[in-house]
Amino acid sequence: MTTAATELLTVPEVMARLKLGRSTVYDLIRSRRLTSIAIGRSRRIPADAVRDFIVQQIEEAA
């Protein structure tokens, strides 16, 4: 589970880490495959959620 000290990433930062486009990242958020939080009108994604997503994708591919 995430902690208060978890790094929060912006959508462009997640795009860069996953090498994906903006709409794909938002699709992952909408489908709840990538956890995010809303702060005002901004979306932030915990770095742990990105790592969990990658692990899940690796496990599904195996």
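Conventions we followed
- All chains use their own residue numbering, which begins from 1 and follows the written sequence.
- Confidence filtering applies because this is a predicted model: local features only for residues at pLDDT of at least 70, side-chain atom pairs given and counted only at 80 or more, and all residues used for totals across whole chains, interfaces and linings.
- Only heavy atoms go into the side-chain values, all of them from the structure, while hydrogens and water stay out.
- Between buried and exposed lies partly exposed: a residue is buried under 20% and exposed over 50% of the maximum accessible area for its type, with that area taken using a 1.4 Å probe on protein chains only.
- Strands here are runs of E lasting at least two residues and helices are runs of H or I lasting at least four, both read from the DSSP assignment and numbered beginning at the N terminus.
- Note that the arc is computed from the directions linking the helix axis to the C-beta atoms.
- Pairs of residues are marked as contacts when any of their non-hydrogen atoms sit within 4.5 Å.
- Contacts described as polar in this section are N or O atom pairs within 3.5 Å, which, within protein, must combine one atom able to donate a hydrogen with one able to accept it, while residues neighboring in sequence count only if both atoms come from side chains.

A few words on helix 1 (residues 11-18). V11, V14 and L18 are the residues of helix 1 that are buried. All buried residues of helix 1 project into a common sector of 60 degrees when viewed along the axis, lining one side. Buried positions along helix 1 lie against strand 1 (8-9), helix 2 (22-30), strand 3 (42-46) and helix 3 (47-61). Directly after helix 1, the chain includes K19, whose backbone phi takes a positive value near 60 degrees.

This part takes up unusual backbone geometry. One non-glycine residue with positive phi stands out, namely K19, at about 60 degrees. Tracing the backbone shows K19 in the loop between helix 1 and helix 2.

So, about the side chain of S36. Within the secondary structure, S36 sits in the loop between helix 2 and strand 2 (37-39). For S36, a relative accessible area of 18% gives the class buried. A distance of 3.0 Å separates the side chain of S36 from the side chain of R43, its partner in a polar contact. Setting aside residues up to four positions removed in sequence, S36 forms contacts with I29, R43, R44, I45 and P46.

Note on placement: R22 falls in helix 2. We classify R22 as partly exposed; its relative accessible area is 46%. Residues R22 and A62, spaced 40 residues apart in sequence, show a C-alpha to C-alpha distance of 27 Å. Apart from the residues within four sequence positions on either side, R22 is in contact with V11, P12 and M15.

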